[in-house]
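Listed below are the residues making up each chain.
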Amino acid sequence: MADDDAELLRALNEEHGDALFAHALRLVSGDRQRAEDLVQETLLRAWRHPEALDPQRGSVRAWLFTTARHLAIDAWRRRASRVGEVVTDDLPEPPPEVDEADRAVEAWTVAEALARLSPAHRDVLVECFYQGRSVAEAAVRLGVPPGTVKSRTHYALRSLRLVLEEMGVTQ
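Just so it is clear, the model here is predicted, and its values are computed rather than measured. Starting from 1, residues in each chain are numbered consecutively following that chain's sequence as written. In keeping with the model being predicted, local features are shown solely for residues with a pLDDT of at least 70 and side-chain atom pairs are shown and tallied solely at 80 or more, while totals for entire chains, interfaces and linings include all residues. To obtain the side-chain values, all non-hydrogen atoms of the structure were used and water was disregarded.

## A look at the overall build of the chain
Step number 1: Comment: elements are numbered from the N terminus, with helices defined as DSSP H or I runs of at least four residues and strands as E runs of at least two. Summing up its helical and strand segments, the chain has seven helices and zero strands in all.
Step number 2: Put simply, the chain runs from its N terminus to its C terminus through helices and strands in the order α-α-α-α-α-α-α.
Step number 3: Overall, the C-alpha framework of the chain stretches about 85 × 50 × 25 Å when taken along its three principal axes.
Step number 4: Looking at the chain residue by residue over its 171 residues, the buried ones come to 24%.
Step number 5: Long-range contacts, defined as pairs at least 24 residues apart, comprise 55% of the intrachain contacts of the chain with a sequence gap of at least 6.
Step number 6: Per element, the accessible surface of the chain, about 12700 Å² overall, is 52% carbon and sulfur.
Step number 7: The positive charge centre, built from 22 side chains, and the negative charge centre, built from 29, are 9 Å apart in the chain. Note on classification: 1.4 Å probe, protein chains only; a residue is buried when its accessible area is under 20% of the maximum for its type, exposed when over 50%, partly exposed between these limits. Here, two residues are considered to be in contact whenever any of their heavy atoms come within 4.5 Å of each other. Methods summary: accessible areas were calculated by the Shrake-Rupley approach with a probe of 1.4 Å, and residue burial reflects only the protein chains presented. When charges are counted, Lys and Arg are positive and Asp and Glu negative, with His and the chain ends excluded. Just so you know, the charge point we use is NZ for Lys, CZ for Arg, CG for Asp and CD for Glu.

Right under this line is the structure:
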């Protein structure tokens, strides 16, 4: 690299380096290493294309910022197009077997806990969680406003948690 080239890069870095780094940092969501790489690659492009730095063609800082943005987009696209590959000698663990006896005990425990709730709390939980209805649909079925369904669901879940704790069920 000639002395003139080194002087050009030094001058660019002195005049635009801090602003370019701040811009690059925003482009890469605060990753300092990637921002430094982006600034370095941007200055390298400026060195390779000195004609782009001619003030007659426009602002040097605008060219640097635009180049940095394009480089960041290109890097993002490269990362997005790669499929993450995991190489391992171990086989993935099989899903745990569902014990039907445990499932039945859980169902009986939840049914017992629901039976201990007030009818209003039980009804809202059955409509929203077991029947899969939306708040609006549950409100129509229960004949109450949607806000009431929301608050009853909140308090019903709190009550259900307390009942299950009383029954000795832990998370």
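## Section: the pattern of salt bridges
Step number 1: By convention in these notes, a salt bridge is any Lys or Arg side-chain nitrogen within 4 Å of a carboxyl oxygen on Asp or Glu. This model, assessed by the stated rule, comprises seven salt bridges.
Step number 2: A salt bridge links Glu112 to Arg116; the shortest N-O distance between them is 3.3 Å.
Step number 3: For Glu112, a relative accessible area of 37% puts it in the partly exposed group.
Step number 4: Look at Arg116 and you get partly exposed, because its relative accessible area is 46%.
Step number 5: Among the ionic pairs, Arg141 bridges to Glu127, the shortest N-O distance being 3.6 Å. Separated by 14 residues along the polypeptide, Arg141 in helix H6 (residues 135-142) and Glu127 in helix H5 (residues 119-130) bring together distant segments of the chain.
Step number 6: Put simply, Glu127, Arg133 and Arg141 are held in one network by salt bridges that share partners.

## Let's talk about unusual backbone geometry
Step number 1: Although it is not a glycine, Ser29 adopts a positive phi angle of roughly 55°.
Step number 2: By the element assignment, Ser29 lies in the loop between helix H1 (3-27) and helix H2 (32-48).
Step number 3: For Ser29, a relative accessible area of 72% puts it in the exposed group.

## Section: the nonpolar core
Among soluble globular proteins, nonpolar side chains are generally buried collectively.
Step number 1: Here, nonpolar core refers to any group of buried Ala, Val, Leu, Ile, Met, Phe, Trp, Tyr and Cys residues whose side-chain atoms link them within 4.5 Å. Core analysis: the biggest nonpolar cluster contains 17 residues, and Leu12, Leu20, Leu38, Val39, Leu43 and Leu64 have the highest contact counts within it.
Step number 2: Mapped onto this core, the elements with two or more residues apiece are H1, H2 and helix H3 (60-81).
Step number 3: Setting aside anything within four residues of it in sequence, one finds Leu64 in contact with Leu12, His16, Leu20, Thr42, Leu43 and Ala46.
Step number 4: If you look at the next biggest cluster of nonpolar residues, it comprises 14 residues, including Ala113, Leu117, Ala139 and Leu160.

## Quick notes on the side chain of Thr42
Step number 1: The topology assignment puts Thr42 in helix H2.
Step number 2: What makes Thr42 buried here is its relative accessible area of 0%.
Step number 3: Within the local environment of Thr42, its side chain forms a polar contact with the backbone oxygen of Leu38, the two atoms lying 2.7 Å apart.
Step number 4: With near-sequence residues (within four places) excluded, Thr42 lies in contact with Leu20, Trp63, Leu64, Thr67, Ala68 and Leu71. Polar contact is the term for a pair of N or O atoms within 3.5 Å; when the atoms are in protein, one must be able to donate a hydrogen and the other to accept it, and sequence-neighboring residues count only if both atoms are side-chain atoms.

## So, the packing of H6 against helix H7 (residues 146-166)
Step number 1: Packing of H6 against H7 brings their axes to within 8 Å, and their N-to-C directions diverge by 100°. Considering the angle they form, H6 stands roughly perpendicular to H7. Where H6 abuts H7, its residues Val135, Ala138 and Ala139 lie against Pro146, Val149 and Lys150.
Step number 2: Classes in brief: Ala, Val, Leu, Ile, Met, Phe, Trp, Tyr, Cys and Pro nonpolar; Asp, Glu, Lys and Arg charged; the others, Gly included, polar. Of the residues in the contact of H6 with H7, the class split is five nonpolar, no polar and one charged. Only the contacting stretch of a helix is used when fitting its axis, a line to C-alpha atoms as for every element, and angles between N-to-C directions run 0 to 180 degrees. Roughly parallel means an angle under 35 degrees; roughly antiparallel means over 145; roughly perpendicular covers 65 to 115; every other angle is labelled oblique.

## A closer look at the UniProt feature "domain: RNA polymerase sigma-70 region" (unreviewed entry) in the chain
Step number 1: UniProt positions are given in the numbering used here, feature names are shortened, and annotations may be inferred rather than shown by experiment. UniProt feature "domain: RNA polymerase sigma-70 region" (unreviewed entry): in the numbering of this structure it lies at residues 14-80 and 113-161.
Step number 2: The span residues 14-80 carries 78% helix and 0% strand; its end-to-end C-alpha distance comes to 34 Å.

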